[in-house]
Amino acid sequence: MLKKLLATRFKLLAIVYIFIISVSFLTRLILFIKSFGQLDGNLFQFLGIFLIGLFNDTLMSTFFLIPFVLYLWLMPNKIYFKKWHRFFLYGLVFLTINILIFNAVSEWFFWDEFSTRYNFIAVDYLIYTTEVIGNIWQSYPIVKLLIGIFVLSILTLLTTKKYIKAEVSNRLTFKWRTLIAVPLLLLPVLVFLFGSNKTKQFSANQYASELSGNGMYDFGAAFFNNQLDYDKFYRTEAVADIFNTVKKTFVDAQFQSDSLTSITRTVSYTGTQKNYNLVLISVESLSGDFLSRFGNTEHITPNLDSLANRGLFFSNLFATGTRTVRGLEALSLSLPPTPGQSEVKRPNNEGRFSLGNVLKSKGYTTQYLYGGYGYFDNMNYFFSNNGYDVIDRSAITDKKDIHYENIWGVADEDLFSLAIKTFDANYKLKKPFFSQVMTTSNHRPFTYPEGRIDIPSHTNRAGAVKYTDYAIGKFINDCKDKPWFNNTIFVIVADHCASSAGKTELPIKNYRIPMIIYAPSIVKPSNFDGLTSQIDIVPTLLGMLNVSYTSKFFGFDIFNTPANQRRAFISTYQNLGYLKDNKLIILSPQQKVEAFDVDSTNFTTTPIKSAPALEKEAISYYQSASYLLRHRLYQFKK
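All figures in this text were calculated on a predicted structure; none of them were measured in a lab.

What counts and how
- Residues numbered from 1 in each chain as written.
- Predicted model: local features only at pLDDT ≥ 70, side-chain atom pairs only at ≥ 80, totals over all residues.
- Heavy atoms only, no water.
- Helix = DSSP H or I, 4+ residues; strand = E, 2+ residues; numbered from the N terminus.
- Rg over C-alpha atoms; globule rule 2.2 N^0.38 Å.
- Contact = heavy atoms within 4.5 Å.
- Areas by Shrake-Rupley, 256 points an atom, 1.4 Å probe, with all protein chains shown as cover.
- Axes fitted to C-alpha atoms, helices over the stretch in contact; angles between N-to-C directions.
- Parallel < 35°, antiparallel > 145°, perpendicular 65-115°, else oblique.
- Left-handed = near helix turned anticlockwise from the far one by under 90°.
- Nonpolar A, V, L, I, M, F, W, Y, C, P; charged D, E, K, R; others polar.
- Buried < 20%, exposed > 50% of the residue type's maximum accessible area, 1.4 Å probe, protein only.
- Pairing = 2+ DSSP bridges.
- Patch = residues over 30% accessible without salt bridge, like charges linked within 9 Å, V, L, I, M, F, W, Y side chains within 5 Å.
- Salt bridge = Lys/Arg side-chain N within 4 Å of Asp/Glu carboxyl O.
- Core = buried A, V, L, I, M, F, W, Y, C linked by side-chain atoms within 4.5 Å.

Q: So what exactly am I meant to see when it comes to the overall build of the chain here?
A: The helix and strand inventory of the chain stands at 22 helices and 19 strands. Taking 638 residues into account, the globule formula puts the C-alpha radius of gyration at 26 Å, and the chain, at 27 Å, falls close to it. Across its three principal directions, the C-alpha atoms of the chain cover 95 × 60 × 45 Å. Considering only contacts within the chain whose residues lie at least 6 apart along the sequence, 73% involve residues at least 24 apart. Split by element, the accessible area of the chain, about 27,100 Å² in all, is 60% carbon and sulfur.

Written out as structure tokens, the structure reads:
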């Protein structure tokens, strides 16, 4: 039967399928060799990578072949078997080979950046074509790559074109073509309804699991699962129980309502409000490992190292996620990272309970400053609808104020110059101000003005980190002569780490970020090594300002929280981590809950059977945060 089928026009499907499997296998093999040192080195794992990989490649092929099935089904015999038609087939196959090879090359670069197959980041960036295409163009030798792909596609076609010719012995009628095509078209429908890319999660080693995936198939899965309903996909508890559990974690809280689903409480400090200015610098991809405090020996952060010694340094702080928007969510909403997309990017995110809204209600001028165009990642909309005035790249109208810019925005030094002008204007209003400044230079293509540091522009991330460090150091020095300097608290913190890849699904060490609070007239130099979550920064800063307020924040004022109550949240878009008492709980889709012991020195994890109390806390935090957002109960009211 198969032999007869391959004697018809439908043999083209077999040819294309072989192309798909071959290119996918070579892609997986190359990534396997690149990541070999990260694997566990056992035969079972290697077999799983390639056998499960073949299965996922086949699932992807059912979608990829849809246009071919439709074409082979609907094209009349009188056209299909014309001699000139074979050249059309050559062109169609050539285009297919181009797409497959182009995707393979793209997967290489995506893996090199994120150590994963395509995921929701790739889907997210599809929306922002200007920035993404510009970033790719500035980062890689695109012309040479495209020429190479074109030449390789031509060579592949020339070696296989004899199999593509439409010289077949069996000319099927439309009826028989229908009987073949309809089942083939049902296959992708069945895969869509019942298939899952979860088959790749066969190993505890995350590199192995990702290698067994298929980039195109994972892209599709991420596209349709960019937001996840917590109650549908995760372990849940009774609503009353989760809120009771969360409420117990707030020390001496004065709750304002008896409602089961309310965490609204009064936060009071003795004495009057301290109207210090607050400048929060969220630094793009500033991993803790870049600083000498965490053992770095490259000396790429001399200014930050100096500020760390002269300010209050947090050495045990963890980012909530792996994207800028996740960090911005934590630094504005003090909210655990609910599954799927960050709240910054979600619809109906207006009027949330935010740091901007709280300080604005206390008489502050509140702002968000960004060196790029703030439509990217929905930043303009989110911040302008949550208590901030947004100032972005469009505010710099004089070209002499721009020393350098790339697709992401102006150089950090130019952003800081804009910030100082803004602060000068704020000072004239005779009101305290809160400004969050988001940097961009520590981002591929790693370009910046020449002559600032000893690493040439467009060299590597180390250069970008050192340039950002230079820009921050220059900014602080430029501020020292300002009349508002002595009354200003500067907070320098990462939005997330440069990389979150690791052997485990949530490699804890890769979520550790630095934070420095610098205010020589206000804050004494010291080191704080207590466990701190990125969502704790907002209430901690309000505590330093002695602001009494009504709170819905999930974070703690970390200086007024007992050590045994401190915890941290870490996440990908679907794996939700809860770190406390040297244990890690991971919540995953399909109601999966895992528990691990954590080595406090190197952050390695060891699976344990269970940790019931912490599992309940983890579920309670994530489920209650999702509940409040879904029911619009996390709103700010004056």
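Q: Could you clarify how one ought to interpret the packing of helix α2 (residues 11-34) against helix α6 (residues 85-114) in this entry?
A: In contact at an axis separation of 10 Å, α2 and α6 are set at 20° when each is read in the N-to-C sense. By the criterion of interaxial angle, the relationship of α2 to α6 is roughly parallel. Crossing geometry of α2 relative to α6 is assigned as right-handed. Between α2, through Leu12, Val16, Phe19, Ile20, Val23, Thr27, Ile30, Leu31 and Lys34, and α6, the contact on the second element is made entirely by Leu89, Val93, Thr96, Ile97, Leu100, Ala104, Glu107, Trp108, Trp111 and Asp112. Among the residues forming the contact of α2 with α6, the class breakdown is 14 nonpolar, 2 polar and 3 charged.

Q: In this structure, what is going on with the pairing of strand β11 (residues 512-518)? I would like to understand it.
A: Two faces belong to every sheet, and in a regular strand the side chains alternate between them. Of all 7 residues in β11, 7 are buried, a share of seventy percent or more. Direction of pairing for strand β4 (residues 312-318) relative to β11: antiparallel, over a ladder of 5 bridges. Bridge pairing in β11 links leucine 317 to isoleucine 513. As judged from the 4 bridges shared by strand β10 (residues 488-494) and β11, these two strands associate in the antiparallel manner. Counterpart to valine 493 in the pairing with β11 is methionine 515.

Q: Sorry, what's going on with the sheet that holds strand β2 (residues 265-267) here?
A: Strand pairing within a sheet occurs via backbone hydrogen bonds; the two strands may be parallel or antiparallel. The 3 strands lie next to each other as β1-β2-β14, forming an open sheet whose pairing is antiparallel. Every other strand in the sheet has two partners, leaving β1 (254-255) and β14 (549-551) as the edge strands with one partner each. Here β1 runs beside β2; their pairing, made up of 2 bridges, is antiparallel. In the strand pairing of β2, phenylalanine 255 is matched with arginine 265.

Q: Teacher, can you tell me more about the sheet that holds strand β16 (residues 576-580) here?
A: Spatially, the 5 strands line up as an open sheet ordered β15-β16-β17-β18-β19, and their pairing is antiparallel. Both edges of this open sheet fall to β15 (568-571) and β19 (605-608), since each of them pairs with a single strand only. Along the sheet, successive strands turn relative to each other by an average axial angle of 30°, direction set aside. Of the strand pairs in this sheet, strand β17 (residues 583-588) and strand β18 (residues 592-598) are connected by 6 bridges, and their pairing is antiparallel. By the bridge assignment, lysine 583 is partnered in β18 with aspartate 597. Against the sheet, helix α22 (residues 612-630) engages β15, β16, β17 and β18, with an angle of about 130° to β16.

Q: Whenever I open this one, a nonpolar patch on the surface confuses me. Can you help?
A: A cluster of nonpolar residues, Phe63, Val182, Leu186, Leu187, Val189, Leu190, Phe192, Leu193 and Phe194, forms a patch on the protein surface that exposes about 860 Å² of accessible area. Counting residues per element, the nonpolar patch draws most heavily on helix α10 (residues 174-194), which supplies 8 residues. In this fold, leucine 190 is placed in helix α10.

Q: Whenever I open this one, the pattern of salt bridges confuses me. Can you help?
A: Oppositely charged side chains are able to pair whenever their charged atoms sit close together. Counted under the stated rule, the structure contains 21 salt bridges. Between aspartate 112 and lysine 34 there is a salt bridge; the shortest N-O distance is 3.2 Å. With aspartate 112 in helix α6 and lysine 34 in helix α2, this residue pair connects regions lying 78 residues apart in the sequence. Lysine 34 gets classed as partly exposed once you look at its relative accessible area, which sits at 37%. Here the salt bridges do not stand alone but share partners, grouping Asp398, Lys400, Asp401 and Lys421 into one network.

Q: Even after reading the chapter, I still don't get the packing of helix α3 (residues 43-64) against helix α4 (residues 66-74), so can you show me in this structure?
A: Geometrically, a packed helix pair is captured by the angle between its two axes and the distance between the axes. Direction vectors running N to C along α3 and α4 enclose 45°, while the axes themselves pass 5 Å from each other. With respect to their mutual orientation, α3 and α4 come out oblique. In this structure, α3 contributes Thr62, Phe63 and Phe64 to the contact, and α4 contributes Ile66, Pro67 and Phe68. For the contact of α3 with α4, a count of residues per class yields 5 nonpolar, 1 polar and no charged.

Q: Where do I start with the environment of lysine 362 in this structure?
A: Along the chain, the position of lysine 362 falls in the loop between α17 (355-361) and β5 (365-370). Separated by 257 residues in sequence, lysine 362 and isoleucine 619 have C-alpha atoms that sit 34 Å apart. Those residues in contact with lysine 362, other than ones at most four positions away along the chain, are Gln273, Val547, Ser548 and Tyr549.

Q: For this particular structure, what's the right way to read the side chain of asparagine 426?
A: Assignment of secondary structure puts asparagine 426 in helix α19 (residues 412-428). Aside from chain neighbours lying at most four places away, what touches asparagine 426 is Thr365, Gln367, Lys431, Phe433 and Ser435.

Q: Help me understand the nonpolar core, please; the structure alone is not making it clear to me.
A: The nonpolar side chains of soluble globular proteins are, as a tendency, buried together. In this structure, Phe475, Ile517, Phe554 and Leu587 are the most contacted members of the largest nonpolar core, which totals 125 residues. By residue number, the principal contributor to this core is α22, which donates 9 residues. Dropping the residues within four chain positions of it, isoleucine 517 is found in contact with Gly311, Leu312, Phe314, Ile489, Phe490, Val491, Val523, Leu541 and Met544. Core analysis: the second largest hydrophobic core is formed by 34 residues, Phe10, Phe19, Phe68 and Tyr90 among them.

Q: How do you make sense of the pairing of strand β3 (residues 277-283) when you look at a structure like this?
A: Of all 7 residues in β3, 7 are buried, a share of seventy percent or more. Burial along β3 is two-sided: the face carrying Asn277, Val279, Ile281 and Val283 and the face carrying Leu278, Leu280 and Ser282 are both buried. Two strands pair when backbone bridges link them, and β3 and β10 are joined in this way by 7 bridges, in the parallel orientation. Directly across from valine 279, in β10, lies its bridge partner phenylalanine 490. Relative to strand β9 (residues 433-438), β3 is paired through 5 bridges, and the arrangement is parallel. Within β9, the position partnered with leucine 280 by the bridge is glutamine 436.

Q: Before we go on, may I ask you to explain the environment of isoleucine 281 in this structure?
A: You can see isoleucine 281 is positioned in strand β3. When its relative accessible area of 0% is taken as the criterion, isoleucine 281 is described as buried. With 88 residues separating them in the primary sequence, isoleucine 281 and leucine 369 have C-alpha atoms 9.4 Å apart. In contact with isoleucine 281, other than residues within four places in its own chain, are Phe416, Val437, Thr439, Phe475, Val491, Ile492 and Val493.

Q: I would appreciate a short explanation of unusual backbone geometry in the present structure.
A: Among all residues except glycine, the phi angle is most often negative; among peptide bonds, the trans geometry is most common. Between arginine 444 and proline 445 the backbone carries a cis peptide bond, its omega angle lying at 20°. Its place among the elements puts proline 445 in the loop between β9 and α20 (461-479). Its identity is not glycine, yet lysine 430 carries a phi of approximately 60°, on the positive side. Tracing the backbone shows lysine 430 in the loop between α19 and β9. Judged by relative accessible area, which is 79%, lysine 430 ranks as exposed. Of note in the backbone geometry, aspartate 581 takes a positive phi value of approximately 50° without being a glycine.

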